[in-house]
Amino acid sequence: NFDGVSRKTFSKEIRSDSLGSLKITLNGSSHSIGINEVIDKPNISMLSAKVVNMKWAMPKKDVAISMEFINTGRSTGTNIQAFLSPVNAATKIINNKTDIGDITVNGSNISKSPFVFHVHSDSIEVIKLKLTIQDGSRNEWTEFIVIELKKELPEIIDFEIADGKVFTVAKGGNDEEKLLL
């Protein structure tokens, strides 16, 4: 398990009851849970993604994102690589591959280099990308990630603080009202 609040990985073995049901107690934070047999392979998935070259992802800019990956499987994942591909034609992937290295059981690792993409249209607010993860044993995992884009807005330079001022505001139709802010 990976606790998203404490950022700690821990392992706890839970066995099913006589009916095959599992009861998993959680603390309310986000968790990544792997349910495996003792001899299972690695199970690699993306744990988090972070924009690293600006405050948030923006259209018409090269956006670099770093990702953290987790192994919720029962064996170490070796020589792990990840590949990013666009789902629509408005997104161009500039750097589509990153090495992750090895990830131990219940361990995590950060991508060695960021993925870089560029969205050509400024009218797109959300993009979907396909993430394919592969290890040295030819195991493969596929996920889709959604990234929100925010336009770069011009700085507001002409503003006035309304503390204690009286303003005339529209009340409805042609009616006006004086308002103290």
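Placed above this text is the structure.
Read on for an overview of the structure. (Residues numbered from 1 in each chain as written. Predicted model: local features only at pLDDT ≥ 70, side-chain atom pairs only at ≥ 80, totals over all residues. Heavy atoms only, no water.)

1. Thoughts on the overall build of the chain
Moving on, step 1. The helix and strand inventory of the chain stands at zero helices and 14 strands.
Moving on, step 2. Residues classed as buried in the chain amount to 31% of the 181 residues present.
Moving on, step 3. Here the contacts in the chain between residues at least 6 apart in sequence split such that 57% fall between residues at least 24 apart.
Moving on, step 4. Summed over its atoms, the accessible surface of the chain is roughly 12,200 Å², and 49% of this surface lies on carbon and sulfur atoms. (Helix = DSSP H or I, 4+ residues; strand = E, 2+ residues; numbered from the N terminus. Buried < 20%, exposed > 50% of the residue type's maximum accessible area, 1.4 Å probe, protein only. Contact = heavy atoms within 4.5 Å. Areas by Shrake-Rupley, 256 points an atom, 1.4 Å probe, with all protein chains shown as cover.)

2. Some remarks on the nonpolar core
Moving on, step 1. Core analysis: the biggest nonpolar cluster contains 27 residues, and Ile65, Met67, Phe69, Leu84, Phe117 and Leu131 have the highest contact counts within it.
Moving on, step 2. Of all the secondary structure elements, the ones that give two or more residues to this core are strand S4 (44-51), strand S5 (62-71), strand S6 (77-86), strand S8 (97-103), strand S10 (115-119), strand S11 (126-134) and strand S12 (140-148). (Core = buried A, V, L, I, M, F, W, Y, C linked by side-chain atoms within 4.5 Å.)

3. A closer look at the sheet that holds S6
Moving on, step 1. Strand order in this open sheet of four strands is S8-S6-S11-S12, and the pairing throughout is antiparallel. Looking at which strands have only one partner, the edges of the open sheet turn out to be S8 and S12. Each adjacent strand pair in this sheet contributes to an overall mean axis angle of 25°, direction not counted.
Moving on, step 2. Sheet topology note: the S11/S12 ladder contains nine bridges and is antiparallel. Looking at S12, one finds that Leu129 is bridged to Ile145. (Pairing = 2+ DSSP bridges. Axes fitted to C-alpha atoms, helices over the stretch in contact; angles between N-to-C directions.)

4. Concerning the pattern of salt bridges
Moving on, step 1. Inspection of the entire model under this criterion finds one salt bridge.
Moving on, step 2. We note a salt bridge from Glu152 to Lys61, for which the minimum N-O separation is 3.3 Å. One end of the pair, Glu152, is in the loop between S12 and strand S13 (166-172); the other, Lys61, is in the loop between S4 and S5, and 91 residues separate them in sequence.
Moving on, step 3. With relative accessibility at 55%, the residue Glu152 sits in the exposed group.
Moving on, step 4. Residue classification places Lys61 among the partly exposed positions, given a relative accessible area of 31%. (Salt bridge = Lys/Arg side-chain N within 4 Å of Asp/Glu carboxyl O.)

5. Description of unusual backbone geometry
Moving on, step 1. Phi is positive for Lys60, which is not a glycine, with a value near 65°.
Moving on, step 2. Tracing the backbone through its elements, the reader meets Lys60 in the loop between S4 and S5.
Moving on, step 3. You will see that Asn106, though not glycine, has its phi angle at about 65°, which is positive.
Moving on, step 4. Inspection of the secondary structure puts Asn106 in the loop between S8 and strand S9 (108-110).
Moving on, step 5. The class for Asn106 is buried, based on a relative accessible area of 16%.

6. Quick notes on the side chain of Thr132
Moving on, step 1. Mapped onto the fold, Thr132 is located in strand S11.
Moving on, step 2. The exposure class of Thr132 is buried, given its relative accessible area of 12%.
Moving on, step 3. Among residues more than four places away in sequence, those in contact with Thr132 are Gln81, Ala82, Phe83, Glu140, Trp141 and Thr142.

Taken by themselves, the reported measurements are silent on function.
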